[in-house]
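Results of the structural survey
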Amino acid sequence: MKKKLILFAILILVMFGTSGCMENYGVARGSMKSYLKDKYNAKFTYVSAGRLGWPAKDVYTVFKDEDGNELKIHSYVGDSIFTKKYSDNYYSVIYDKQVQDQLQLQMDSQYKIFISTKREFTIGKEKYDNAEDYMRDCLYVYIAICTTEDPDFDKIYELLLNEMSDVNMSVSVYTLTEEGFDTVSEYPDYVKYGIKQSDIIYRDSFVIKENEVQDINRESFVIKENDVQDIN
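Now for a quick tour of the structure. Here the structure is a predicted model, which means the values were calculated and not measured.

A separate point is the packing of aromatic side chains. Counting across every chain of the model gives 14 aromatic pairs. Considering the side-chain rings of Tyr 91 and Tyr 128, the 5.5 Å spacing of their centres and the 85 degrees angle between planes classify their relative orientation as edge-to-face. Remark: Tyr 128 occurs in the loop between β6 (122-123) and α3 (131-137) and Tyr 91 occurs in helix α2 (residues 90-105); sequence separation between them is 37 residues. For the pair Tyr 91 and Tyr 128, a shared accessibility class is recorded, and that class is buried. Arranged with centres 5.8 Å apart and planes meeting at 35 degrees, the rings of Tyr 95 and Tyr 134 form a pair that is tilted. A residue pair is termed long-range when its members are at least 10 positions apart, and Tyr 95 in helix α2 and Tyr 134 in helix α3 qualify at 39 residues. According to the relative accessible area criterion, Tyr 95 is buried, its value standing at 7%. Given a relative accessible area of 2%, Tyr 134 falls into the buried group. Ring-pair connections join several aromatic residues into one group, and the members of that group are Tyr 40, Phe 44, Tyr 90, Tyr 91, Tyr 95, Tyr 128 and Tyr 134. Sitting over the ring of Tyr 142, Arg 119 keeps its end group 4.1 Å from the ring centre.

Set out below in structure tokens:
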């Protein structure tokens with residue numbers, strides 16, 4: 001009998017605890033939506049929750065705008081455990097494609113260029129009226145350039161330094177097979193949109209910081225004859 005009472009008490013605590021967490025998260029969701037509306041003067045819809053539970057100091061929640069573009073909100077404890085602060089990466093939705101299209105217009109047809117600042121979260125109601133100011137404030141703007149031919153690095157350096165002045169950039173230049181080049185259509189984040197390794201011939205990488213090209217590196221994906229093992 002005693003064991004049954006203990007189990008019943010535990011069940012009640014779990015039920016109330018769970019419903020309380022759900023109710024609190026519902027309130028938080030409303031707070032996040034208000035934060036987005038105030039910051040961007042636009043309508044957003046909840047998509048999914050990030051990491052939940054207690055203690056949950058850091059939580060990512062996904063919303064989408066009226067065009068279906070998704071963004072993340074980072075929720076974290078403010079000055080006390082009873083206050084919440086928010087940051088979000090919606091400016092990547094607003095500006096990445098805009099800058100990407102501008103650069104693409106100035107590149108030869110043998111190149112595709114992709115830009116991602118999804119790792120950048122602006123805090124609170126921090127606002128940017130143009131892409132240039134936003135990109136300059138990013139820790140790094142991630143750029144991928146894809147081609148099937150030998151890259152003309154002098155032209156690439158010149159374009160990026162002229163058009164992205166004072167922007168810190170982490171750049172990868174992929175020399176791809178024809179199939180790989182035809183397939184890639186978004187920033188090739190290995191986690192989500194990864195280019196197949198079999199489609200990569202070379203990956204050249206470099207950093208542009210303080211308007212200087214640094215840390216140039218080449219990684220080869222070509223399988224040499226001596227590397228092929230006889231499995232028979």
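And the narrative resumes.
Under the counting rule described, the total for this entry stands at four salt bridges. We note a salt bridge from Asp 101 to Lys 97, for which the minimum N-O separation is 3.0 Å. Here Asp 101 pairs with Lys 97, and both are found in helix α2, just four residues apart, close to one helical turn. The partner of Arg 218 in a salt bridge is Asp 204, with the nearest N and O atoms 2.7 Å apart. You can see Arg 218 sitting in strand β10 (residues 212-220) and its partner Asp 204 sitting in strand β9 (residues 200-209), a full 14 residues away along the chain. When its relative accessible area of 42% is taken as the criterion, Arg 218 is described as partly exposed.

Another point: the sheet that holds strand β8 (residues 169-176). Across the sheet, five strands lie side by side as β5-β7-β8-β9-β10; this open sheet has mixed pairing. If you trace the sheet from one side to the other, it starts and ends with β5 (111-116) and β10, each paired once. Pairs of neighbouring strands in the sheet enclose a mean axial angle of 15 degrees, with direction left out of account. Sheet analysis places strand β7 (residues 141-147) next to β8, joined by seven bridges and oriented parallel. Along β8, the bridge assignment pairs Val 141 with Met 169. Strand contacts of helix α4 (residues 153-163): β5, β7, β8, β9 and β10, with the helix running at about 40 degrees to β9, the strand carrying the most contacts.

Thresholds applied
Within any chain, residue numbers begin from 1 and follow the written order of that chain's sequence. Since the coordinates come from a predicted model, pLDDT governs what is reported: local features require at least 70, and pairs of side-chain atoms require 80 or more to be given and counted, while whole-chain, interface and lining totals use all residues. Side-chain measures here rest on the full set of heavy atoms in the structure, leaving out hydrogens and waters. Aromatic pairing here means that ring centres of Phe, Tyr or Trp (its six-membered ring) are within 6.5 Å. Orientation follows from the plane angle: under 30 degrees is stacked, over 60 is edge-to-face, and everything else is tilted. The way it works is that DSSP assigns letters per residue, a run of H or I at least four long becomes a helix, a run of E at least two long becomes a strand, and they are numbered from the N terminus. A simple rule labels every residue: compare its accessible area, found with a 1.4 Å probe on the protein chains alone, to the largest value its type can have, and call it buried under 20%, exposed over 50%, or partly exposed in between. Only Lys NZ and Arg CZ are tested; either one counts as a charge over a ring when it is within 6 Å of the ring centre and within 35 degrees of the ring normal. Every case where a carboxyl oxygen of Asp or Glu lies within 4 Å of a side-chain nitrogen of Lys or Arg is listed as a salt bridge. Should DSSP find at least two bridges between two strands, the strands are regarded as paired. Only the stretch in contact is used when fitting a helix axis, every axis being a line fitted to C-alpha atoms; angles between N-to-C directions are given from 0 to 180 degrees. Residues are treated as being in contact if the distance between any of their heavy atoms lies within 4.5 Å.

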